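Okay, here's what each chain looks like letter by letter:
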Amino acid sequence: MEYNIVVLDGDGIGPEICKGAISVLERTGAKYGHTFNFRHCLMGGCAIDACGNPLPEETVQACLASDSVLLGAVGGPKWDHLGGDVRPEAGLLGIRKAMGLYSNIRPAKLWSSLADASPLRKDLTKNGVEIIIVRELTGGIYFGHRERGFEANGEEFAVDTERYTTHEIERITRIACELAMKRTKKIISVDKANVLENSRLWRKVVHEYVEKNYPEITVQDMLVDNTAMQIVKNPAQFDVVVTSNIFGDILSDEAAQVTGSIGMLASSSLGDTTCGLYEPIHGSAPDIAGKDIANPIATILAAAMMLRDSFGLTEEYAAIESAIQRVLDKGYRTADIWSEGMTKVAGSEMAKLIADEI
Ligand code: IPM
Ligand code: MG
């Protein structure tokens, strides 16, 4: 089969990690008889530099016409002084919205060969950790009414609003339920219902929806502050977690670190079609950009998820995942996951080692 993939390299380490992922995709295509066509488009800071807009219309059209999109990372200090809607991040939020990608799945798994990389005590992780965060991605405070102004007395104020409708909560709950049905049939729904009206609606809709459509599934509610604590206290209690845009943003970074390195975790963003956006969950790491030390594994895994979740290529997904596992088992590590006795390799070398294992 032939697949058209748009690559949004983005900023900082984005181009180097995308390059690594493309090389692994190419090797996978060669082995399994697929052609992957890559079209690179601008988004983020690089797009601001080139045309003054973090999300050029041409990029939106290319993404919408593609079979799926691979994204590196966007942002950096160079653009930090810019206003909200012209920042690199606005490009990312804009493309999520334009493609209707309301469902963001962020699996945080502790790789057996990286158990030492977790900052948690061994007894907390010895039975493995796999937390799948299902984050609502096109609503909530990220897209609510926003305002900046001055009070009559001259004092400056700012407003951001959290808004969810029943339908938005139901469709993300359905995604979490579909995942849970293949796993433990348990969902933890995270909110702040002791304070926020929005969370009270969230909680009610999640329960009603699950009871009506997935009676086999058990829902446990957890307040977001307690969740942040439980993730480091007893990470093994989590399986599928469903939550709002902002809570999912925060908790997914925490869950990632619990599994050792944010450089290992990928995410998928999907809507109602198979055309999705796949990205590492880490940022553009401008401090290490261009030094060839960034870990490409998260982006390689993101590319693998694209094959599985958008193209239905499960065997190819498994081939990439096990290639990563074998390279780690042989002791190769990028700087972020390196420990005594392991072989430290550059980012490009890591990608090549994985491609060679396919
Ligand atoms: C993420 C990032 C983005 C987000 C930023 C870069 C806009 O932190 O994907 O987690 O907040 O969604
Ligand atoms: Mg984030």
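Residues numbered from 1 in each chain as written. Chains lettered and ligands numbered in written order. Predicted model: local features only at pLDDT ≥ 70, side-chain atom pairs only at ≥ 80, totals over all residues. Heavy atoms only, no water.

Quick look at the environment of Ala 228 now. With respect to the helices and strands, the residue Ala 228 is situated in helix H8 (residues 224–233). According to the relative accessible area criterion, Ala 228 is partly exposed, its value standing at 29%. Sequence spacing of Ala 228 and Leu 251 is 23 residues, and the spatial spacing of their C-alpha atoms is 6.6 Å. In contact with Ala 228, not counting residues within four places along its chain, are Leu 251 and Glu 254. (Helix = DSSP H or I, 4+ residues; strand = E, 2+ residues; numbered from the N terminus. Buried < 20%, exposed > 50% of the residue type's maximum accessible area, 1.4 Å probe, protein only. Contact = heavy atoms within 4.5 Å.)

Turning next to the pairing of strand E12 (residues 277–280). Neither face of E12 is left uncovered, since the one carrying Leu 277 and Glu 279 and the one carrying Tyr 278 and Pro 280 both have all their residues buried. Inspection of the sheet shows strand E3 (residues 68–73) paired to E12 by two bridges, in the parallel sense. Paired with Leu 70 across the bridge in E12 is Tyr 278. Of the pairings in the sheet, the one linking strand E11 (residues 266–270) to E12 comprises four bridges and is antiparallel in character. Considered in E12, the bridge of Ser 267 is made with Glu 279. (Pairing = 2+ DSSP bridges.)

End to end, helix H6 (residues 166–181) covers 22 Å across 16 residues, agreeing with the expected 22 Å (1.5 Å per residue, within 8%). Listing the buried residues of H6 in full gives Glu 168, Ile 169, Ile 172, Thr 173, Ile 175, Ala 176, Cys 177, Leu 179 and Ala 180. Buried residues along H6 sit against strand E4 (103–109), strand E5 (130–136), strand E8 (186–191), helix H7 (197–213) and strand E10 (240–243). (Expected span 1.5 Å × (residues − 1).)

As a structural note, the neighbourhood of ligand 1 is formed by Glu 89, Leu 92, Arg 96, Arg 106, Arg 135, Tyr 142 and Asp 249. Take Arg 106: an N or O atom from its side chain is 2.8 Å from an oxygen atom of ligand 1. Here an oxygen atom of ligand 1 and a side-chain polar atom of Arg 135 are 2.8 Å apart. Summarising the interface, the protein chains cover 78% of the accessible area of ligand 1, which totals 320 Å² for the free molecule. No other element matches the three residues that helix H4 (residues 88–98) contributes to the shell around ligand 1. (Near = heavy atom within 4 Å. Polar contact = N/O pair within 3.5 Å; in protein donor to acceptor, adjacent residues only side chain to side chain. Areas by Shrake-Rupley, 256 points an atom, 1.4 Å probe, with all protein chains shown as cover.)

Glancing now at the packing of aromatic side chains. Tallied over the full model, the rule gives four aromatic pairs. Ring plane angle 40° and centroid distance 6.3 Å describe the contact between Tyr 209 and Tyr 214, whose orientation is recorded as tilted. Per residue, the accessibility class of Tyr 209 equals that of Tyr 214, and both read buried. By way of ring pairs, the aromatic residues Tyr 3, Phe 36 and Phe 311 are connected into one cluster. (Phe/Tyr/Trp six-rings, centres within 6.5 Å; stacked < 30°, edge-to-face > 60°.)

Moving on to the sheet that holds E11. Strands sit in the order E2-E1-E3-E12-E11-E4-E5-E10-E8-E9 across an open sheet of 10 strands; the sheet is mixed. Sheet topology places strand E2 (35–40) and strand E9 (218–223) at the edges, where each strand pairs with a single neighbour. Each neighbouring strand pair of the sheet contributes to a mean axis angle of 25°, computed without reference to strand direction. On the sheet, H6 packs against E4, E5, E8 and E10 and is oriented at approximately 160° with respect to E5. (Axes fitted to C-alpha atoms, helices over the stretch in contact; angles between N-to-C directions.)

Side chains carrying opposite charge are able to pair once their charged atoms draw close together. Using the criterion set out here, one finds 22 salt bridges in the structure. With its nearest N and O atoms 2.9 Å apart, the salt bridge here joins Lys 352 to Asp 356. With a gap of four residues between them, Lys 352 and Asp 356 both fall in helix H12 (residues 347–357), about one helical turn apart. Since its relative accessible area comes to 52%, Lys 352 is described here as exposed. (Salt bridge = Lys/Arg side-chain N within 4 Å of Asp/Glu carboxyl O.)

Time to look at the nonpolar core. Nonpolar side chains tend to gather and get buried jointly when the protein is soluble and globular. Judged by nonpolar contacts, the single largest core of 60 residues is most densely connected at Ile 131, Ile 324 and Ile 354. At nine residues, helix H10 (residues 297–309) tops the list of elements feeding residues into this core. Dropping the residues within four chain positions of it, Ile 324 is found in contact with Trp 111, Ile 297, Ile 300, Leu 301 and Ile 354. By size, the runner-up hydrophobic cluster in this structure holds 23 residues, among which are Ile 132, Ile 175, Ala 180 and Val 242. (Core = buried A, V, L, I, M, F, W, Y, C linked by side-chain atoms within 4.5 Å.)

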